[in-house]
Amino acid sequence: MEFQRIALNLGWNLLISDFDPMQSALAEARQAAEAGEVPIGAVIVCQDVIIARGQNRVLRDNDPTAHAEIVALRAAAAALNNYRLNGCTLYVTLEPCAMCAGAMIHARLDRLVLAAPDPKAGACGSVLSVINHPRLNHKMWVEQGGGAEESAELLRGFFRERR
């Protein structure tokens, strides 16, 4: 994987694999579904440790900004006592929307790993390209990791039940 080769050349420690954090993000998505929310989950890893978790809380909190990524970003900022999340990776079960992508840029995340693309509202290349837009100053690694099928099935099942 290209990211791992570059990271090793930079001397970064990649002891944690992408599998475990993505499984944690999927667990958050399942919990969101059980609570009646759109099943999207996120976790943030810093120095090989999950420092924050998030799941959609829009309905529970009556907050249009309470997407899983935003909930996780807020928790990570509190955990690090810093709104800048340099050195952190966000794992999320669905490609972020424009709002979440913008927040990730402002947080200065190093890396984003997403499970499933979002062909309706994805802002990491599917519909928009907010992350790594050439006119913005912050760049982050964006990768599609594992868990795409499970994430997509969680979403299909959720919306199937709603119809």
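All figures in this text were calculated on a predicted structure; none of them were measured in a lab. (Residues numbered from 1 in each chain as written. Predicted model: local features only at pLDDT ≥ 70, side-chain atom pairs only at ≥ 80, totals over all residues. Heavy atoms only, no water.)

1. Quick look at the overall build of the protein
Of regular secondary structure, the protein possesses six helices and five strands. Reading the secondary structure of the protein in the N-to-C direction produces α-α-β-β-α-α-β-α-β-β-α. Relative to its length of 163 residues, the protein is compact, with a C-alpha radius of gyration of 15 Å against a globular reference of 15 Å. Once the C-alpha set of the protein is aligned to its principal axes, its extents read approximately 50 × 30 × 30 Å. Intrachain contacts of the protein at a sequence separation of at least 6 include 56% that bridge at least 24 residues. With an accessible surface of roughly 8,500 Å², the protein has 54% of that area assigned to carbon and sulfur atoms. Across the protein, the mean location of the 16 positive side-chain charges is 5 Å away from that of the 18 negative side-chain charges. (Helix = DSSP H or I, 4+ residues; strand = E, 2+ residues; numbered from the N terminus. Rg over C-alpha atoms; globule rule 2.2 N^0.38 Å. Contact = heavy atoms within 4.5 Å. Areas by Shrake-Rupley, 256 points an atom, 1.4 Å probe, with all protein chains shown as cover. Lys, Arg positive; Asp, Glu negative; His and termini not counted. Charge placed at Lys NZ, Arg CZ, Asp CG, Glu CD.)

2. Observations concerning the pairing of strand β2 (residues 49-55)
The sheet contact formed by strand β1 (residues 41-46) and β2 spans six bridges and is antiparallel. In the strand pairing of β2, Val45 is matched with Ile50. Once β1 ends, the chain turns through two residues before running back antiparallel as β2, passing Gln47 with a positive phi of about 50 degrees. (Pairing = 2+ DSSP bridges.)

3. Observations regarding the confidence of the model for the protein
Averaged over all residues, the pLDDT of the protein is 92; the fraction at 70 or higher stands at 90%. This model gives residues 1-6 a pLDDT under 50, and the stretch forms eight contacts once residues within four places in sequence are excluded. (pLDDT = per-residue confidence, 0-100.)

4. A look at helix α5 (residues 98-107)
Side chains three or four residues apart in an α-helix point the same way, a direct result of the helix having 3.6 residues per turn. Among the residues making up α5, those that are buried are Cys100, Ala101, Gly102, Met104, Ile105 and Ala107. Those residues of α5 that are buried lie in contact with α4 (68-80), β3 (88-94) and β4 (111-116). (Buried < 20%, exposed > 50% of the residue type's maximum accessible area, 1.4 Å probe, protein only.)

5. Considering the packing of α4 against α5
In contact at an axis separation of 9 Å, α4 and α5 are set at 20 degrees when each is read in the N-to-C sense. Relative to α5, α4 is oriented roughly parallel. The handedness of the crossing between α4 and α5 comes out as left-handed. Along the contact surface, α4 presents Glu69, Ile70 and Leu73, while α5 presents Met99, Cys100, Ala103, Met104 and Ala107. A per-class count over the contact of α4 with α5 returns seven nonpolar, no polar and one charged. (Axes fitted to C-alpha atoms, helices over the stretch in contact; angles between N-to-C directions. Parallel < 35°, antiparallel > 145°, perpendicular 65-115°, else oblique. Left-handed = near helix turned anticlockwise from the far one by under 90°. Nonpolar A, V, L, I, M, F, W, Y, C, P; charged D, E, K, R; others polar.)

6. Points about the pattern of salt bridges
Within this structure, the stated rule accounts for ten salt bridges. The residue Asp63 makes a salt bridge to Arg74 at a minimum N-O spacing of 3.8 Å. One end of the pair, Asp63, is in the loop between α3 (58-61) and α4; the other, Arg74, is in helix α4, with eleven residues separating them in the sequence. Sharing partners across several salt bridges, the network here consists of Glu149, Glu153, Arg156 and Arg160. (Salt bridge = Lys/Arg side-chain N within 4 Å of Asp/Glu carboxyl O.)

7. Thoughts on the side chain of Ser151
Relative to the assigned elements, Ser151 resides in helix α6 (residues 148-162). In terms of polar contacts, Ser151 uses its side chain to reach the backbone carbonyl oxygen of Thr93, at 2.5 Å. With sequence-adjacent residues up to four places away left out, Ser151 is seen in contact with Leu26, Thr93, Leu94, Ala115 and Ala116. (Polar contact = N/O pair within 3.5 Å; in protein donor to acceptor, adjacent residues only side chain to side chain.)

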